[in-house]
Amino acid sequence: MRDFEIRKLNEKDLQWIIALLTDHWGAPLVVVRGRIYHADQLPGFIAIKENHSVGLATYNIEGDVGILVSLDSLVEGIGIGTELINAVRAVTRLAGCKRLSVTTTNDNTHALHFYQKRGFVLKTLYSNIIEQSRKLKPQIPLTGIDGIPLRDELELELALDKESS
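The structure displayed is predicted, hence computed values, not measured ones.

Q: Tell me about the overall build of the chain, and name the residues and values.
A: Looking only at helices and strands, the chain has four helices and nine strands in total. Counting helices and strands in the order they occur from the N terminus, the chain gives β-α-β-β-β-β-β-α-β-α-β-α-β. In summary, the chain has a C-alpha radius of gyration of 15 Å against a globular reference of 15 Å for 165 residues, a match within 12%. The principal-axis extent of the C-alpha atoms belonging to the chain is close to 40 × 35 × 30 Å. Among the 165 residues that make up the chain, the fraction classed as buried is 45%. Partitioning the contacts of the chain with sequence separation of at least 6, the portion at a separation of at least 24 is 68%.

Spelled out as structure tokens, the structure:
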């Protein structure tokens with residue numbers, strides 16, 4: 001049994017969301033393939049453990065695709081990220097989405113491992129696109145995790161139409 005809960009975001013969460021996104025990603029803006037998402041204004045879910053916010057997932061629905069815009073877990077290894085994905089997967093599937101898409105950067109091997117372990121498959125490599133993204137969000141650093149130069153985005157997706165109801 002998990003010792004945290006997942007619930008939908010509400011207006012009371014806004015300050016915490018902005019602080020988390022700014023601390024982890026430089027701003028509440030997320031740029032994916034040249035598109036700006038205001039993650040603090042999107043629907044999503046929050047994880048609560050012992051009356052503290054410990055995880056966030058935001059998403060957008062674009063036609064028949066659910067976009068997992070942001071995913072953050074402040075406590076790793078207890079299932080928070082997985083349960084946040086499950087919540088987004090359920091709501092996007094109910095909205096008629098056929099797939100759930102997420103994008104990460106070339107340096108984030110931890111995220112690539114995490115998403116693939118949860119059924120996501122690599123779909124598209126957007127080579128050298130981060131340079132364009134920096135024009136929209138200057139807070140994107142030149143180097144990322146382990147000093148790896150930030151250059152590319154990798155899109156992964158999870159088919160929702162094959163899941164049982």
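Q: So, the sheet that holds strand S7 (residues 99-105): which residues are in play, and what are the values?
A: Read from one edge to the other, the open sheet built from seven strands follows the order S1-S4-S5-S6-S7-S9-S8, with strand pairing classed as mixed. The open sheet has two edge strands with one neighbour each: strand S1 (5-8) and strand S8 (121-126). Across the sheet, the axes of successive neighbouring strands diverge by a mean angle of 25°, strand direction being ignored. As paired elements, S7 and strand S9 (residues 153-159) share seven bridges and run antiparallel to each other. Residue pairing across strands places threonine 103 opposite glutamate 155, the latter belonging to S9. Sheet strands in contact with helix H1 (residues 14-25) are strand S4 (44-49), strand S5 (52-62) and strand S6 (65-73), and its direction is about 85° off that of S5.

Q: Explain the pattern of salt bridges to me, and be specific about the residues and the numbers.
A: Throughout the structure, instances matching the rule amount to eight salt bridges. Put simply, glutamate 62 and arginine 35 hold a salt bridge, and the shortest N to O gap is 2.6 Å. Taken together, the positions of glutamate 62 in strand S5 and arginine 35 in strand S3 (residues 35-38) put the pair 27 residues apart, joining distant regions of the chain. Taking the relative accessible area as the measure of exposure, glutamate 62 reaches 28% and is therefore partly exposed. Here the salt bridges do not stand alone but share partners, grouping Asp64, Arg99, Lys123 and Glu157 into one network.

Q: Outline the pairing of strand S2 (residues 29-32), supporting the account with residue identities and numerical values.
A: Pairing analysis gives four bridges linking S2 to S3, with the strands arranged antiparallel. Across the sheet, the residue bridging to valine 31 is isoleucine 36, located in S3. In sequence, S2 turns back onto S3 through a hairpin of two residues, with arginine 33 there showing a positive phi of about 50°.

Q: Summarise helix H3 (residues 109-117); cite the residues concerned and give the values.
A: For H3, the complete set of buried residues consists of Ala111, Leu112, Phe114 and Tyr115. Across the axial projection of H3, the buried residues extend over an arc of 165°, all falling on one side. The positive-phi residue at the C-terminal boundary of H3 is glycine 119, with phi of around 100°.

Q: Got a sec to walk through the nonpolar core? Specific residues and values, please.
A: Nonpolar side chains tend toward joint burial in soluble globular proteins. Within the largest apolar cluster, 26 residues are counted, with the highest numbers of intra-cluster contacts made by Leu68, Leu71, Tyr115 and Phe120. Of all the secondary structure elements, the ones that give two or more residues to this core are S4, S5, S6, helix H2 (80-94), S7, H3 and S9. With five residues, H2 is the single largest residue contributor to this core. Here tyrosine 115 is in contact with Leu68, Leu71, Ile85, Val102, Phe120 and Leu156, once residues within four sequence places are set aside. Leu9, Leu20, Leu42 and Leu56 belong to the second-largest nonpolar core, a separate cluster that totals 15 residues.

Q: Could you give me a rundown of the packing of aromatic side chains, with the residues and numbers involved?
A: One pass over the full model with this rule turns up three aromatic pairs. Ring pairing ties together the aromatic residues Phe114, Tyr115 and Phe120, which thus form one cluster.

Reading the values: the criteria
- Residues numbered from 1 in each chain as written.
- Predicted model: local features only at pLDDT ≥ 70, side-chain atom pairs only at ≥ 80, totals over all residues.
- Heavy atoms only, no water.
- Helix = DSSP H or I, 4+ residues; strand = E, 2+ residues; numbered from the N terminus.
- Rg over C-alpha atoms; globule rule 2.2 N^0.38 Å.
- Buried < 20%, exposed > 50% of the residue type's maximum accessible area, 1.4 Å probe, protein only.
- Contact = heavy atoms within 4.5 Å.
- Pairing = 2+ DSSP bridges.
- Axes fitted to C-alpha atoms, helices over the stretch in contact; angles between N-to-C directions.
- Salt bridge = Lys/Arg side-chain N within 4 Å of Asp/Glu carboxyl O.
- Arc of directions from axis to C-beta.
- Core = buried A, V, L, I, M, F, W, Y, C linked by side-chain atoms within 4.5 Å.
- Phe/Tyr/Trp six-rings, centres within 6.5 Å; stacked < 30°, edge-to-face > 60°.

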